[in-house]
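# Coordinate inspection notes
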Amino acid sequence: MPIYEYHCAACGSDFETLVFGQATVLCPSCESAESTRRLSLFGFRSGGTFVASAGGCGCGASHG
Ligand SMILES: [Zn+2]
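The structure reproduced in this document is the subject of the present report. As the structure is a prediction and not an experimental result, all values here were calculated from the model.

### Description of a nonpolar patch on the surface
A contiguous nonpolar patch, built from Ile-3, Leu-18 and Phe-20 and spanning about 310 Å² of accessible area, is present on the exposed surface. Structurally, the position occupied by Leu-18 is in strand S2 (residues 14–18).

### Here's the deal with the coordination of the zinc ion
The reference angle at a metal is 109.5 degrees if four donors form a tetrahedron and 90 or 180 degrees if six donors form an octahedron. In this structure, Cys-8 (SG), Cys-11 (SG), Cys-27 (SG) and Cys-30 (SG) serve as the protein donors to the zinc ion, at separations of 2.2 to 2.3 Å. Coordination at the zinc ion comes from 4 donor atoms whose angles at the metal span 105 to 115 degrees, giving a geometry best classed as tetrahedral. Read N to C, the donor residues that coordinate the zinc ion are spaced as C-x2-C-x15-C-x2-C. Here Cys-8, found in strand S1 (residues 3–8), pairs with Cys-30, found in the loop between S2 and strand S3 (35–38); they are 22 residues apart in sequence, far enough to count as distant. The class for Cys-8 is buried, based on a relative accessible area of 0%. Judged by relative accessible area, Cys-30 falls into the partly exposed class, the value being 35%.

### As for the pattern of salt bridges
Summed over the entire model, instances satisfying the criterion amount to 2 salt bridges. Residue Arg-38 pairs with Glu-5 through a salt bridge whose shortest N-O separation is 3.5 Å. Of this pair, Arg-38 sits in strand S3 while Glu-5 sits in strand S1, placing them 33 residues apart in sequence. Overall, Arg-38 belongs to the partly exposed group, its relative accessible area being 36%. In this structure, Asp-14 engages Arg-38 in a salt bridge whose closest nitrogen and oxygen atoms are separated by 3.3 Å. Here Asp-14 is found in strand S2, whereas its partner Arg-38 is found in strand S3, with 24 residues between them in sequence.

Calculation criteria
- Residue numbers run consecutively from 1 along every chain, following the written order of its sequence.
- Where local features are concerned, this predicted model is filtered to residues with pLDDT of at least 70; where side-chain atom pairs are given and counted, the filter is 80 or more; whole-chain, interface and lining totals use all residues.
- Side-chain measures here rest on the full set of heavy atoms in the structure, leaving out hydrogens and waters.
- Within the patch definition used here, like charges are joined within 9 Å and nonpolar side chains (Val, Leu, Ile, Met, Phe, Trp, Tyr) within 5 Å, considering only residues with over 30% relative accessible area and no salt bridge.
- For accessible areas, the Shrake-Rupley method is used with a probe of radius 1.4 Å. Any residue's cover is judged against the shown protein chains and nothing else.
- Any Lys or Arg side-chain nitrogen found within 4 Å of a carboxyl oxygen on Asp or Glu counts as a salt bridge.
- Each helix corresponds to a stretch of at least 4 residues labelled H or I by DSSP, and each strand to a stretch of at least 2 residues labelled E; elements are numbered beginning at the N terminus.
- The rule for donors is simple: an N, O or S atom within 2.8 Å of the metal counts, and for Na, K and Ca the reach is 3.2 Å. Water is not among the atoms, so a site may look short of donors.
- Irregular is the default label, applied whenever a site is not tetrahedral (four donors, all angles between 85 and 135 degrees) and neither square planar nor octahedral (four or six donors, opposite donors over 155 degrees apart, all other angles between 65 and 115).
- Using a 1.4 Å probe on the protein chains alone, a residue whose accessible area is under 20% of its type maximum counts as buried, one over 50% counts as exposed, and one in between counts as partly exposed.

Okay, here's the thing in C-alpha cells:
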C-alpha cells in the first residue's frame, strides 16, 4: 500500500497516511493541507557511518 510520511507545516506534526494518486493530504491533527511529503524510504539514517570497503580480502589486517 502506498503509505507516505508527511510533515505538517502548520502545526509541525508528523504523520503517515495512505495516498492514492494526487489526492490532497490533510493533517489529522489540524486538518490543514499544508503538509509536505517526506522521503522515508531513502532517508539517511543517523547514528552510523557507512564505510565502503575498497579491499577484497575482508580479513581486517592492514598490509604495510
Ligand atoms: Zn497539522
